[in-house]
Amino acid sequence: MDTRYEDRIARLLPRYCSGEATVEECRLVEEWIGRSEENYRLARRIHTLYLAVDTVRISSEIDTERALAAVRRKMGGRSSWSGVWLWTRRIAAILFLPLLFALLLQSLRPRQETLAQMIEVRTNPGTTTVVHLPDSSVVYLNSESSLCYPSFFGEDRRRVTLRGEAFFEIRKESGRGFEVSASHGTSVEVLGTSFNMEAFEKDSFVTTTLLEGEVRFEGEGNRDVVMRPGEKLIYDVSSSRMRWVKTDGIVETAWKDGKVILRETLLPDALRMLEKRFDVEFVIANERLRKEAFTGTFSHQGLERILEMFKISSNIHWRYLNASDTDGRKVRIEIY
């Protein structure tokens with residue numbers, strides 16, 4: 001969140017609590033309170049502190065001895081009840097203030113069933129973005145992917161929906177798990193971890209790579225398995241079979257840092273990485289090349305430069321099959 005915005009809210013909160021804020025200032029504070037449970041709890045604590053200080057101030061301004069003497073003098077006269085009533089009203093006013101603020105803050109508390117709004121973030125082909133979730137978890141979203149999540153999470157569960165590929169850094173919260181629903185009826189349940197998930201609807205597989213923590217992967221038919229750090233699970237959509245591969249996750253997550261890292265990576269997998277990075281489509285014309293493997297790290301190199309390196313190292317050839325402006329379709333490149 002923008003530091004200037006946070007500083008402004010910090011200045012406005014005391015004015016809001018004291019009733020000195022303008023209509024526009026009240027709107028800003030109430031919008032901020034409604035953004036998350038954390039903001040609500042913080043505002044409530046500030047209100048409580050303000051009330052404690054304000055009650056002491058009001059009490060100190062009332063000369064209790066003088067007021068009591070006045071009441072005693074009037075007890076024998078007709079106006080005695082007037083004095084008692086005045087004093088009672090003062091006490092009631094002091095006691096009523098905390099209740100008033102509590103009711104006000106309660107009305108500002110977000111109601112999950114009615115106030116939560118769904119937010120969807122999409123990435124364009126060849127681009128990536130970073131999404132900060134309401135619980136401070138961070139999601140890196142890869143090319144041609146989308147993430148759908150609520151404006152604030154419920155008290156018992158955090159749920160998001162992924163279409164495409166994303167790297168998750170989930171903030172661990174006691175008693176409140178995290179769940180990612182993905183394509184092909186798959187899902188991942190998390191308690192606090194870092195992992196990469198690739199689940200494009202057009203693909204016949206879903207992969208999950210776990211770096212830290214623990215996740216439970218679930219496929220269609222409620223078949224689930226617990227993953228450990230250093231494991232990559234490849235789920236075949238058509239057969240529901242699962243296959244595990246040991247990995248440190250560097251190759252699978254390099255995209256979030258703007259890199260393509262290959263470690264004895266087979267050509268089809270390498271080309272898949274390049275497709276997402278450069279928004280192109282490859283066609284392998286020579287089946288023999290599918291068994292070729294490549295090693296290297298690419299960050300600032302252009303696509304043609306990378307393909308030329310492939311050509312030099314493995315004697316492959318490539319050519320464009322169409323122009324970039326042909327019917328708005330992706331550029332197609334043949335590997336032969």
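Attention in this report is confined to the structure presented alongside it.

Conventions and cut-offs
Residues numbered from 1 in each chain as written. Predicted model: local features only at pLDDT ≥ 70, side-chain atom pairs only at ≥ 80, totals over all residues. Heavy atoms only, no water. Helix = DSSP H or I, 4+ residues; strand = E, 2+ residues; numbered from the N terminus. Buried < 20%, exposed > 50% of the residue type's maximum accessible area, 1.4 Å probe, protein only. Contact = heavy atoms within 4.5 Å. Areas by Shrake-Rupley, 256 points an atom, 1.4 Å probe, with all protein chains shown as cover. Salt bridge = Lys/Arg side-chain N within 4 Å of Asp/Glu carboxyl O. Phe/Tyr/Trp six-rings, centres within 6.5 Å; stacked < 30°, edge-to-face > 60°. Core = buried A, V, L, I, M, F, W, Y, C linked by side-chain atoms within 4.5 Å. Pairing = 2+ DSSP bridges. Axes fitted to C-alpha atoms, helices over the stretch in contact; angles between N-to-C directions. Arc of directions from axis to C-beta. Expected span 1.5 Å × (residues − 1).

1. Structural notes on the overall build of the chain
Per the secondary structure count, the chain includes nine helices and 18 strands. Within the chain, the fraction of its 336 residues that count as buried is 39%. When contacts within the chain are restricted to residue pairs at least 6 apart in sequence, long-range pairs at least 24 apart make up 45% of them. Put simply, the chain shows about 19,500 Å² of open surface, and 51% of that area lies on carbon and sulfur atoms.

2. Overview of the pattern of salt bridges
Under the counting rule described, the total for this entry stands at 23 salt bridges. Lys276 is the partner of Glu165 in a salt bridge, and the nearest nitrogen-oxygen pair spans 2.6 Å. In this pair, Glu165 is assigned in strand β5 (residues 157–169) and Lys276 in helix α8 (residues 267–278), connecting sequence segments 111 residues apart. Members of the salt-bridge network, linked through shared partners, are Glu165, Glu198, Asp203, Arg272 and Lys276.

3. Quick notes on the packing of aromatic side chains
Where two aromatic rings form a pair, the distance of their centres and the angle of their planes describe that pair. Enumeration according to the criterion identifies eight aromatic pairs in this entry. Where Phe168 meets Phe195, the ring centres are 4.8 Å apart and the plane angle is 10°; that geometry is what we call stacked. Here Phe195 lies in strand β8 (residues 194–199) and Phe168 lies in strand β5, a separation of 27 residues in the sequence. The pair Phe168 / Phe195 is uniform in exposure class, with both members buried.

4. Some words on the nonpolar core
In terms of nonpolar packing, the biggest core is built from 30 residues, with Leu147, Phe168, Phe195, Met197 and Phe217 touching the most fellow members. Ranked by the residues each element gives to this core, the list is headed by β5, at four residues. Judged by nonpolar contacts, the second largest core, of 21 residues, contains Leu262, Ala270, Leu289 and Ile333.

5. Observations concerning the side chain of Thr209
Turning to its location among the elements, Thr209 is positioned in strand β9 (residues 205–212). Residues in contact with Thr209, not counting those within four places in the same chain, are Phe195, Asn196, Glu231, Lys232, Thr247, Gly249 and Glu252.

6. Side note on the sheet that holds strand β17 (residues 318–320)
In space, the three strands of this open sheet follow the order β15-β18-β17, with mixed pairing throughout. Both edges of this open sheet fall to β15 (280–284) and β17, since each of them pairs with a single strand only. Each strand axis lies, on average, 25° off the axis of its neighbour in the sheet, ignoring direction. Bridge count for β15 against strand β18 (residues 331–335) is five bridges, and the pairing is parallel. When the sheet's bridge partners are listed, Ile284 is paired in β18 with Ile335. Across the sheet, helix α9 (residues 303–314) is in contact with β15, β17 and β18; its angle to β17 comes to roughly 150°.

7. Things to note about the side chain of Ser187
Locating Ser187 in the fold gives a position in strand β7 (residues 187–190). Excluding anything up to four places from it in sequence, Ser187 contacts Glu179, Val180, Ser181, Ala182, Arg216, Phe217 and Glu218.

8. Some points on unusual backbone geometry
Notably, Ser240 is not glycine yet its phi reads approximately 65°, a positive angle. Inspection of the secondary structure puts Ser240 in the loop between β12 (231–236) and β13 (242–246). Residues other than glycine seldom take positive phi values, yet Glu264 does so here, at roughly 50°. Considering the arrangement of structural elements, one finds Glu264 in strand β14 (residues 260–266).

9. Notes on helix α2 (residues 23–33)
Along α2, the residues that are buried comprise Glu25, Leu28, Val29, Trp32 and Ile33. Summarising the axial view, the buried residues of α2 lie within an arc of 135°, below the 170-degree limit, and thus occupy one face.

10. Comments concerning α9
Here α9 spans 16 Å end to end across 12 residues, near enough to the 16 Å set by a 1.5 Å rise per residue. Taken residue by residue, α9 has Leu303, Ile306, Leu307, Phe310 and Ser314 as its buried positions. Viewed end-on, α9 has its buried residues packed into an arc of 100°, placing them on one side of the element. Structurally, α9 contributes buried residues whose contacts are with β14, α8, β15, β16 (293–298), β17 and β18. Looking one or two residues beyond α9, the residue adopting positive phi is Asn315, at roughly 60°.

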